[in-house]
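Architecture and fold: a report
What follows is the residue order along each chain.
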Amino acid sequence: MIKRVQAWLSRKDGQRPVEISPDNIPQHVAVIMDGNGRWAKRRGLPRIVGHQNGMKAVKRATIAADELGVKYLTMYAFSTENWKRPKEEVEFLMRLPEEFLAIELDELIAKNVQVRVMGDTDGLPSYTRRAMEEAVARTDGNTGLILNFALNYGGRKEIEDCMRSLGQEIQTGALSPEDITTDLINDRLLSGGMPDPDLLIRTSGEMRLSNFMLWQLAYSELWFTDVYWPEFGKEHLLEAVAEYQRRTRRYGGLK
Ligand code: IPE
Ligand code: IPE
Ligand code: MG
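Residues numbered from 1 in each chain as written. Chains lettered and ligands numbered in written order. Predicted model: local features only at pLDDT ≥ 70, side-chain atom pairs only at ≥ 80, totals over all residues. Heavy atoms only, no water.

Running from N to C, helix H3 (residues 87-110) and helix H4 (residues 126-138) cross one another at 20°; their axes reach a closest spacing of 9 Å. Judged by the angle between their axes, H3 and H4 are roughly parallel. Remark: the crossing between H3 and H4 carries left-handed chirality. Of the residues in H4, those in contact with Glu91, Met94, Arg95, Pro97, Glu98, Leu101, Leu105, Asp106 and Ile109 of H3 are Tyr127, Thr128, Ala131, Met132, Glu134, Ala135 and Arg138. For the contact of H3 with H4, the class distribution of residues is 9 nonpolar, 1 polar and 6 charged. (Axes fitted to C-alpha atoms, helices over the stretch in contact; angles between N-to-C directions. Helix = DSSP H or I, 4+ residues; strand = E, 2+ residues; numbered from the N terminus. Parallel < 35°, antiparallel > 145°, perpendicular 65-115°, else oblique. Left-handed = near helix turned anticlockwise from the far one by under 90°. Contact = heavy atoms within 4.5 Å. Nonpolar A, V, L, I, M, F, W, Y, C, P; charged D, E, K, R; others polar.)

Encoded structure:
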């Protein structure tokens, strides 16, 4: 008999139990953390206050994912397109990793979390890159949840860079065209070594990928919520996982 974990969602419409089976927890959850600006605007606050509160939601999501037994949690924190935003907002966002890690790194270490970063780190300001590098180095020996930040990440850029480097290897003779397989590409993308996301969560009611993990999301289950990212908590993750467990993944085949 399947052992069941019961969790309770506190919702405006009253409390209702959510049943989650410990046998079918998504191994890799990827999150498009969206709606920080609108969350702030609705409160008459500057957008950056939304980002500040979004940081707290990152912590809540990390703890909840870890408790559930998720192995990989990828958080879309800054896209290659987000540079189009006003300079002040970009600068604030680039300072956030430093602040987040100053507050949370010790606890992440205590929780055995491994911090990783996925994106064009060379394009980051030095203070952002240093903060991330330090977190990655200090959690390197850990064996728990992999908390993977997509920072200055773009799905098309990732594929473009991968194709360029494979092309160069073909040119030098290190690789032949027949060597290019799905496995090799999986390995060479920035997510190399990680399984594809089982579940993608996007907050704030937007239903698009915004250049996130275009290759890796090929067969992921997608879950959207109207909740703005700064409001995201454990109950929403449980709701997403409960829905994930009701889905039938067919991968093009038949049940
Ligand atoms: C998500 O919130 C954070 C980043 C994209 C960095 P937004 O800043 O996109 O918030 P909205 O979508 O404008 O509300
Ligand atoms: C996606 O959100 C990027 C991140 C969450 C980091 P955006 O707010 O940038 O996406 P669009 O512009 O609405 O597609
Ligand atoms: Mg947005």
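A few words on H4. Taking 1.5 Å per residue, 13 residues should reach 18 Å; H4 reaches 18 Å between its end C-alpha atoms and fits that length. Residues of H4 that are buried in the fold lie against H3, strand S5 (114-118) and strand S6 (146-153). (Expected span 1.5 Å × (residues − 1).)

Below, the discussion takes up the pattern of salt bridges. Taken as a whole and judged by the stated rule, the model has 23 salt bridges. Among the ionic pairs, Arg95 bridges to Glu98, the shortest N-O distance being 3.1 Å. With Arg95 and Glu98 both in helix H3, this residue pair falls 3 residues apart, about one helical turn. Classification of Glu98 by relative accessible area gives partly exposed; the value is 32%. In this structure, Arg247 and Glu243 form a salt bridge, with 2.7 Å as the shortest nitrogen-oxygen distance. With relative accessibility at 27%, the residue Arg247 sits in the partly exposed group. With a relative accessible area of 22%, Glu243 lands in the partly exposed category. Within the structure, one salt-bridge network assembled from shared partners comprises Asp198, Glu221, Glu243, Arg246, Arg247 and Arg249. (Salt bridge = Lys/Arg side-chain N within 4 Å of Asp/Glu carboxyl O. Buried < 20%, exposed > 50% of the residue type's maximum accessible area, 1.4 Å probe, protein only.)

Of all residues adjacent to ligand 1, which total 13 residues, the nearest are Asp34, Gly37, Arg38, Arg47 and Arg85. Taking 380 Å² as the accessible area of ligand 1 by itself, protein coverage stands at 87%. When residues of the shell around ligand 1 are traced back to their parent elements, those giving at least two are helix H1 (36-42), helix H2 (47-68) and H3. Considering every element that reaches the shell around ligand 1, the biggest residue donor is H1, with 3 residues. Across the shell around ligand 1, the residue classes break down as 3 nonpolar, 5 polar and 5 charged. (Near = heavy atom within 4 Å. Areas by Shrake-Rupley, 256 points an atom, 1.4 Å probe, with all protein chains shown as cover.)

In terms of nonpolar packing, the biggest core is built from 47 residues, with Met75, Ile201 and Trp229 touching the most fellow members. With 8 residues, the top contributor of residues to this core is H3. Not counting residues up to four positions away in its chain, the partners in contact with Met75 are Val31, Met33, Val58, Ala61, Leu147, Asn148, Phe149, Ala150 and Trp229. Grouped together as the second largest cluster of nonpolar side chains are 10 residues, Ala30, Tyr76, Met118 and Phe212 included. (Core = buried A, V, L, I, M, F, W, Y, C linked by side-chain atoms within 4.5 Å.)

Listed under "active site" (unreviewed entry) in the UniProt record, and renumbered for this structure, are Asp34 and Asn82. Sequence-wise these annotated residues cover 49 residues; spatially they are packed, their C-alpha atoms never more than 12.0 Å apart. Relative to the helices and strands, Asp34 resides in the loop between strand S3 (28-32) and H1. When you line up the elements, Asn82 lands in the loop between strand S4 (72-79) and H3. (UniProt positions renumbered as here; feature names shortened; annotations may be inferred.)

On to the site of ligand 2, then. Around ligand 2, the surrounding shell consists of Ile32, Met33, Asp34, Tyr76, Ala77, Phe78, Ser79, Asn82, Arg85, Arg202, Arg208 and Ser210. A distance of 3.2 Å separates an oxygen atom of ligand 2 from a polar atom in the side chain of Asp34. Note that an oxygen atom of ligand 2 is positioned 2.9 Å from one of the side-chain N or O atoms of Asn82. In isolation ligand 2 offers 390 Å² of accessible surface; the protein chains occlude 78% of this area. Here the shell around ligand 2 gets 4 residues from one element, more than from any other, and that element is S4. Per-class residue counts for the shell around ligand 2 are 5 nonpolar, 3 polar and 4 charged. (Polar contact = N/O pair within 3.5 Å; in protein donor to acceptor, adjacent residues only side chain to side chain.)

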